[in-house]
Amino acid sequence: MSKGNSVKTLSGVQRLLEGSLIFCCMTATYVLIALSSFHSSDPGWSQSNFDGEINNLTGAVGAWLADVLFYFFGYCAYIIPIIIALTGWLLFKRTHKLLEIDYFSVGLRLIGFLLIVFSLAALASMNANGIYGFSAGGVAGDVIGQAMLPYFNSLGTTLLLLCFVGAGFTLLTGISWLTVVDLTGYATIWFFRALKELPNKFKPEMGDTEDTRGFLSVVERFKERRNTAAGEDDEESNEDSPAAKTVTVNKEKPKVDSVQPRIEPQIFERSEDFVQAAAPINIDPQMIEPHIAAPWVNDEADDVELIDTDNKVSSEPVSVSKRNEQDKAKVVDGIVVLPGQELEQERPPMAPLPCISLLDVPNRTTNPISQEELEQIGKLVEVKLADFNITANVVGVYPGPVVTRFELELAPGVKASKITNLSKDLARSLLAENVRVVEVIPGKAYVGLELPNKFRETVFMRDVLDCEDFRENPSHLSMVLGADIGGKPVVVDLGKMPHLLVAGTTGSGKSVGVNVMITSLLYKSGPDDVRFIMIDPKMLELSVYEGIPHLLCEVVTDMKEAANALRWCVGEMERRYKLMSALGVRNLKGYNAKIKQAKESGEPIYDPLWKSSDSMEPEAPELDKLPSIVVVVDEFADMMMIVGKKVEELIARIAQKARAAGIHLILATQRPSVDVITGLIKANIPTRMAFQVSSRIDSRTILDQQGAETLLGMGDMLYLPPGTSIPMRVHGAFIDDHEVHKVVADWHARGKPQYIEEILQGSAEGEQVLLPGEASDSEEEVDALYDEAVAFVTQTRRGSISSVQRKFKIGYNRAARIIEQMELQGVVSAQGHNGNREVLAPPPPKDYV
Ligand SMILES: Nc1ncnc2c1ncn2[C@@H]1O[C@H](COP(=O)(O)OP(=O)(O)OP(=O)(O)O)[C@@H](O)[C@H]1O
């Protein structure tokens, strides 16, 4: 037999489980037949008359069993075989759940089940006729009913029992009655619609109408939304791991899951999260490529309206017209559809953010060290310290995934720095790779000694990303870094940093660290909230992100373009500052809140900086939400080498005041030397992240203190939060390249980036975006088009920037510079109070033109 055709055999546990399924199904069938073919003359627990012949199809045992069940539960006995079959199915289906039973949930289900059975039995015994001579509710029902009747009377008892049935149903199934009510509503609406459409069905020319697609599709979509919003019962929806406990996967719809994985917005556990995420979000229309079917397109915009979700959706690229009232676009399930466009096929709504299932389910290994071993090592530490004449007691042991911290109480008069200086000797005598001494543990009078574990656990991205701290964090710029020494996820906010310096030797895990940060942002925010400029001189680390909708420009590999990008950031920062001061707000958050409020009240704010002479637009554009901009530079030492000091100045300039404008820098370098991490840069970037470095000096360059040289590599880092001098040890999360690719591909499917040409252009086109006060390299040089422009202006007698821009098809900045030059040379006057310039020079001689 060929390999491909060989029969796949089951593992031991699988055999057992499949055996249980068969057994349960058979038992359920047996009990059902026994109950259905019950005969009162058969021998049984409650019968004494036996005339010799057994009528029950399942024989004496079946007859006896049916007798017992009817005796105790009456009609409710029929529930028993259903429960047996369901148990078998659950055992079979939830193999991986067996080892991680949630006893609380199981307890609730059991209580729910008993409530239903006993309440139904009591109701039956009060209201129904007997069955085969037994009470309709069996002994159980009789006892409960009789016990309650004297106290609550017939009506009260019935109401109470119905109440128990309702509560039991929710406890057993986890299905809310609100869902049942909603579904009933949907069913009714669908039924009446179908009834209304019935005559059309018989007209041959009417193809499929939306209503004929059936109730199921309505219900499916409803369920999808509901499940996402409510966050299904963990135990029901959890996919595979304890760490993935918060993940919501609708098990009842495996088909939908496998075909459209993005439907599961697993990061959202609370309904508010979903509502926030599902609600279409404002976006700068300038920044969105017209044909993006983007779920974050502003539904509050005056030309977009929401329509019922059970419409068909276009698969064609569509565009949003911003101003034309007649061209009303519609948002269907988060996708923009223009009027007149053919609505062809059903498309599922796309979750606004990637789903966590794109990341690998880690194969976790836990540190197998026991308490006794830890105590032994603690004693060994005391002995080794004594060898160096240091008296210290181990007062606490904290094992973590990568290192174990021993807290030492030093004898009076022993300096902590003495142990720090001995860290290398201690590492050698304890046979450890490295020992880190923590001289100050906030809130404790002890010194910490961090010893690497014999078995190092990997901190996986999926585990740390799926934590409450990250999920619930309201900041669009929150990122997970990894886990602290106790294994708790470390979540930070880039918005508060507001800039980050990352350094470490080659191979220390920097690139993985940067990828983790970028991926966290991709998991937290859409392009309307966060945009990236990525600068990658090495040309390999960040190119993977090419094409995600968050990018403001292509991943920059050319260093000249990189300098232009930074220059653009400074310009953008200035622009944002002006806008914010015009609106009277202090930061980006305030600005966005004001814009949102204005839009909601139907009075959008128009660009206060707009000048008619500067633009080709007939009127001031409406202001839109501004996203935060994150500039990631993977090797900024290269940039410094190639472009020189100017980069340092630009970085310092951005770093100084970009916080309020929402522009943030992540600078990474593998060369932690003072000519790269200069005083100017350090002074402006307070938040640092040091991966393993080779010397104390390097550590001091990054953190202003030693310690990073004692790290263990592979993502082990010291993170110095803003405003503190005590670094925190973090074990960086690990994300594999293929996981990054998956997240990137997921964003590709959501939309394309809308690059802003101006960012990289600058000198490449002979035009440079100048900063206020900055002199151009080629200031003395007259623009190549200057003479032609003068001829044009003097001939047409129109000295506006926009006319020059239009005539020569050049960028605004270049045209503005030409006009300014003309002003200097007296060709045109200075700008008048109405924004116009007068042409002073006479028209050119006829033969010149
Ligand atoms: N958090 C982590 N957990 C486990 N292993 C890691 C982690 N981070 C990095 N590694 C391992 O270390 C290797 C080097 O990481 P990485 O490429 O990020 O280093 P680097 O500092 O960027 O090096 P270079 O500067 O040469 O690019 C990775 O291939 C990976 O195997």
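Residues numbered from 1 in each chain as written. Predicted model: local features only at pLDDT ≥ 70, side-chain atom pairs only at ≥ 80, totals over all residues. Heavy atoms only, no water.

## Thoughts on the pairing of strand 16 (residues 728-732)
Piece 1. Counting buried positions over the five residues of strand 16 gives four, a clear majority of the element.
Piece 2. Across three bridges, the pairing between strand 8 (residues 478-484) and strand 16 is antiparallel. Residue pairing in the sheet places Gly482 in a bridge with Gly732 of strand 16.
Piece 3. In this structure, strand 15 (residues 716-720) lies alongside strand 16, joined through four bridges in antiparallel fashion. Looking at the pairing, Leu718 lines up with Arg729 of strand 16. (Buried < 20%, exposed > 50% of the residue type's maximum accessible area, 1.4 Å probe, protein only. Helix = DSSP H or I, 4+ residues; strand = E, 2+ residues; numbered from the N terminus. Pairing = 2+ DSSP bridges.)

## A short note on a nonpolar patch on the surface
Piece 1. On the surface, Phe191, Phe192, Leu195 and Leu198 cluster together into a nonpolar patch covering about 400 Å² of accessible area.
Piece 2. Counting through the fold element by element, Phe191 comes out in helix 6 (residues 177-201).
Piece 3. When its relative accessible area of 44% is taken as the criterion, Phe191 is described as partly exposed. (Patch = residues over 30% accessible without salt bridge, like charges linked within 9 Å, V, L, I, M, F, W, Y side chains within 5 Å. Areas by Shrake-Rupley, 256 points an atom, 1.4 Å probe, with all protein chains shown as cover. Salt bridge = Lys/Arg side-chain N within 4 Å of Asp/Glu carboxyl O.)

## Structural notes on the site of the ligand
Piece 1. Taken together, 16 residues lie around the ligand, and Thr506, Gly507, Ser511, Gln670 and Gly732 are the ones closest in.
Piece 2. Thr506 has a polar side-chain atom sitting 2.5 Å from an oxygen atom of the ligand.
Piece 3. Out of a free accessible area of 620 Å², the ligand has 73% covered by protein chains.
Piece 4. For the shell around the ligand, the element with the most residues is helix 16 (residues 510-524), which contributes three residues.
Piece 5. Each residue belonging to the shell around the ligand can be placed in one class, and the counts come to four nonpolar, nine polar and three charged. (Near = heavy atom within 4 Å. Polar contact = N/O pair within 3.5 Å; in protein donor to acceptor, adjacent residues only side chain to side chain. Nonpolar A, V, L, I, M, F, W, Y, C, P; charged D, E, K, R; others polar.)

## Details of helix 19 (residues 636-643)
Piece 1. Along helix 19, the positions that sit buried rather than exposed are Phe636, Ala637, Asp638, Met639 and Met640.
Piece 2. Two or three places before Ala637, at the start of helix 19, stands the capping residue Glu635, its side-chain oxygen 3.1 Å from that residue's backbone nitrogen.
Piece 3. Positive phi appears at Gly644, one or two residues downstream of helix 19, with a value of about 90 degrees.

## Observations concerning the sheet that holds strand 16
Piece 1. Pairing is mixed across the open sheet formed by nine strands, whose spatial order is 9-8-16-15-14-10-13-12-11. The open sheet has two free edges, formed respectively by strand 9 (489-493) and strand 11 (530-535), since each of these has just one partner strand. For this sheet, the mean inter-axis angle between neighbouring strands, taken without regard to orientation, is 30 degrees.
Piece 2. Direction of pairing for strand 10 (residues 500-503) relative to strand 13 (residues 663-669): parallel, over a ladder of four bridges. Pairing of Leu501 across the sheet is with Leu667, part of strand 13. (Axes fitted to C-alpha atoms, helices over the stretch in contact; angles between N-to-C directions.)

## Thoughts on the UniProt feature "transmembrane region" (unreviewed entry) in the chain
Piece 1. With numbering aligned to this structure, UniProt lists the feature "transmembrane region" (unreviewed entry) at residues 21-39, 68-91, 103-124, 130-152 and 159-178.
Piece 2. Annotation note: span residues 68-91, helix share 79%, strand share 0%, distance between end C-alpha atoms 26 Å.
Piece 3. Regarding residues 130-152, the helix share stands at 65% and the strand share at 0%, and the terminal C-alpha atoms are separated by 23 Å. (UniProt positions renumbered as here; feature names shortened; annotations may be inferred.)

## A word on the environment of Asn836
Piece 1. When you line up the elements, Asn836 lands in the segment after helix 26 (812-824).
Piece 2. The sequence separation of Asn836 and Arg798 amounts to 38 residues, and the corresponding C-alpha distance is 8.9 Å.
Piece 3. The residues contacting Asn836, other than those within four sequence positions of it, are Ala830 and Gln831. (Contact = heavy atoms within 4.5 Å.)

## What to know about the packing of aromatic side chains
Piece 1. The final tally for this structure, using the stated rule, is seven aromatic pairs.
Piece 2. For the ring pair Phe73 and Phe118, a centre distance of 6.3 Å and an interplane angle of 45 degrees mean the geometry is tilted. Placement of Phe73 in helix 2 (residues 59-73) and of Phe118 in helix 4 (residues 103-127) is noted, with a sequence separation of 45 residues between them.
Piece 3. On the basis of relative accessibility, which here comes to 19%, the residue Phe73 falls in the buried class.
Piece 4. Overall, the relative accessible area of 30% leaves Phe118 in the partly exposed class. (Phe/Tyr/Trp six-rings, centres within 6.5 Å; stacked < 30°, edge-to-face > 60°.)

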